[in-house]
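Structural features, examined
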Amino acid sequence: MSSDIECAQSTRADGKHGWTFDGDNPIVVCAFCEAKRDAISGWEIPRAIPPLFVPGDAAPQGSKRHVGGGRMVESSKSVGPWRERIALAAHGHGWTPGTGPVAVYLLFVRPRPLSTPKSRRPPATKKPDLDKLSRAVLDALTGIAYADDAQVVDLHARKRLAALGETPGVRITVTPIVEAE
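Read on for an overview of the structure.

Conventions and cut-offs
Residues numbered from 1 in each chain as written. Predicted model: local features only at pLDDT ≥ 70, side-chain atom pairs only at ≥ 80, totals over all residues. Heavy atoms only, no water. Pairing = 2+ DSSP bridges. Helix = DSSP H or I, 4+ residues; strand = E, 2+ residues; numbered from the N terminus. Axes fitted to C-alpha atoms, helices over the stretch in contact; angles between N-to-C directions. Contact = heavy atoms within 4.5 Å. Core = buried A, V, L, I, M, F, W, Y, C linked by side-chain atoms within 4.5 Å. Buried < 20%, exposed > 50% of the residue type's maximum accessible area, 1.4 Å probe, protein only. Parallel < 35°, antiparallel > 145°, perpendicular 65-115°, else oblique. Left-handed = near helix turned anticlockwise from the far one by under 90°. Nonpolar A, V, L, I, M, F, W, Y, C, P; charged D, E, K, R; others polar. Expected span 1.5 Å × (residues − 1).

1. Concerning the sheet that holds strand E9 (residues 152–161)
The 4 strands lie next to each other as E5-E10-E8-E9, forming an open sheet whose pairing is mixed. With one partner strand each, in any of the chains shown, strand E5 (52–55) and E9 form the two edges of the open sheet. Put simply, the sheet's adjacent strands are angled 15° from each other on average, direction ignored. Set on the sheet, helix H1 (residues 79–91) makes contact with E5 and strand E10 (169–176); between it and E5 the angle comes to about 145°. Most of the contacts of helix H2 (residues 130–141) go to strand E8 (residues 102–110), to which it runs at about 125°, and overall it touches E8, E9 and E10.

Now the structure itself:
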């Protein structure tokens, strides 16, 4: 991450940005001007629409199975309603399908099993797979947050168990990408 970019509002002696990490996302934010950059690629992140949280038990988009007559059906019955829930929430969120590259950040909060100790939160290492959860969200946002999911050139996804009293679901952030100079 390059820190040699001038910041008009910096109070540092060298006039440079003062980058700090922004919560769970791999994003750095300037403490002075609130500019944002991807911490890994260095791409500038334009002022974004706030993240969207969709409550519910995230369903994976698995493989399709052949049922005869040239027809294929989803192997998971819950993926259709989950994608519809995401699409419905995303329609009212203010995203418009552009044609440029986008970065997508997904944080899946999985339901907490009753057997999980109250004193800690172990990693969410059980099924469903993170890539299948991500695929369902990316397909649901096609035509809403971007024209085609091929425009997603930067994808960061995590899953974790819900804290006590926390609502399961997915937090989605979609931001257009502007190449760093």
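What follows picks up the thread again.
2. Some points on the nonpolar core
Of all hydrophobic cores here, the largest spans 27 residues; its most connected members are Trp82, Leu141, Tyr146, Ile172 and Val174. For this core, the elements supplying multiple residues, two or more each, are E5, H1, E8, H2 and E10. Ranked by the residues each element gives to this core, the list is headed by H2, at 6 residues. Excluding its chain neighbours within four sequence positions, the residues that come into contact with Tyr146 are Pro97, Gly98, Val102, Val104, Val137, Leu138, Leu141, Gln151, Val152 and Val174.

3. Some thoughts on the pairing of E8
Counting buried positions over the 9 residues of E8 gives 9, a clear majority of the element. Neither face of E8 is left uncovered, since the one carrying Val102, Val104, Leu106, Phe108 and Arg110 and the one carrying Ala103, Tyr105, Leu107 and Val109 both have all their residues buried. As paired elements, E8 and E9 share 9 bridges and run parallel to each other. When the bridges of E9 are listed, Leu106 appears paired with Ala157.

4. Brief notes about the packing of H1 against H2
Orientation of H1 relative to H2, taken along the N-to-C sense of each, is 50°, at an axis distance of 9 Å. In terms of axis orientation, H1 runs oblique to H2. Crossing hand, H1 versus H2: right-handed. Contacts between H1 and H2 involve Val79, Trp82, Arg83, Ile86, Ala87 and Ala90 from the former and Ala136, Val137, Asp139, Ala140 and Leu141 from the latter. For the contact of H1 with H2, the residue count by class is 9 nonpolar, no polar and 2 charged.

5. Some words on H2
An ideal rise of 1.5 Å per residue puts 16 Å on 12 residues; H2 measures up with 17 Å between its terminal C-alpha atoms. Directly after H2, the chain includes Gly143, whose backbone phi takes a positive value near 85°.

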